[in-house]
Amino acid sequence: MAAKSPEVAESPSVAAKLGWLTSYEQAEQKAKADNKLLLLDFTGSDWCGWCIKIDKEIFSKPAFKEYASKNLVLLEIDFPMRRQVPAPLKAQNNKLAAKYEIQGFPTIIVLNGQGKKVAELGYVEGGPAAFIAELEKIPKG
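Residues numbered from 1 in each chain as written. Predicted model: local features only at pLDDT ≥ 70, side-chain atom pairs only at ≥ 80, totals over all residues. Heavy atoms only, no water.

(A) Here's a closer look at the packing of aromatic side chains. Scanning the model with the defined rule gives eight aromatic pairs in all. Three or more aromatic residues joined by ring pairs form one cluster here, namely Trp20, Phe59, Phe64 and Phe131. (Phe/Tyr/Trp six-rings, centres within 6.5 Å; stacked < 30°, edge-to-face > 60°.)

Structural data, given as structure tokens:
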């Protein structure tokens, strides 16, 4: 009998993009354990044009996925309009948006393994290569 996952937020109906976590606590622990940067994507996945554009042009591309698998832990912090988000996830997302003073979407916050903010990005023109080049400028320590 398969073990039931304790992470409710990862169920398909509310899951983030493939390879993305939705639990901050889980993502933070993984980033620390794997010594990777934690990329927080504050998005309005089903209504924000620039969010959809960054996902389509950057996050969904093989080059980004490959880079991320080696260097990043990905966390989607979604504020959709057309679908419901479970109350605990909604509360977590609102708390994170307040903590990082999110003013618009998409906003990308990058944290180091100790949970310290090391960068803030938005949409970067030029596809995965340009976005990865920006990520490469971020200090890893």
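(B) How the structure looks around the layout of surface pockets. By volume, the largest pocket is sized at about 210 Å³. In terms of lining, the largest pocket is formed by 13 residues, of which the most central are Gly19, Ala68, Ser69, Leu72 and Leu74. Residues belonging to the lining of the largest pocket are distributed by class as follows: eight nonpolar, two polar and three charged. (1 Å grid on protein atoms, 1.4 Å probe; cavity = no way out; pocket = protein on both sides within 12 Å on 5 of 7 lines; lining within 4 Å. Points joined across faces, edges and corners; volume = space filled by probe spheres on them. Nonpolar A, V, L, I, M, F, W, Y, C, P; charged D, E, K, R; others polar.)

(C) Region of the structure containing the sheet that holds strand E1 (residues 37–43). The four strands are arranged E2-E1-E3-E4 in an open sheet whose pairing can be described as mixed. Both outer strands of the open sheet, strand E2 (72–78) and strand E4 (117–121), are each paired with one neighbouring strand and no more. Each adjacent strand pair in this sheet contributes to an overall mean axis angle of 20°, direction not counted. Summarising the sheet, E1 and strand E3 (residues 107–111) pair through five bridges and their orientation is antiparallel. Looking at E3, one finds that Leu38 is bridged to Leu111. In the packing of helix H3 (residues 62–71) onto the sheet, the strands contacted are E1 and E2, and the crossing angle to E2 comes to about 110°. (Pairing = 2+ DSSP bridges. Helix = DSSP H or I, 4+ residues; strand = E, 2+ residues; numbered from the N terminus. Axes fitted to C-alpha atoms, helices over the stretch in contact; angles between N-to-C directions. Contact = heavy atoms within 4.5 Å.)

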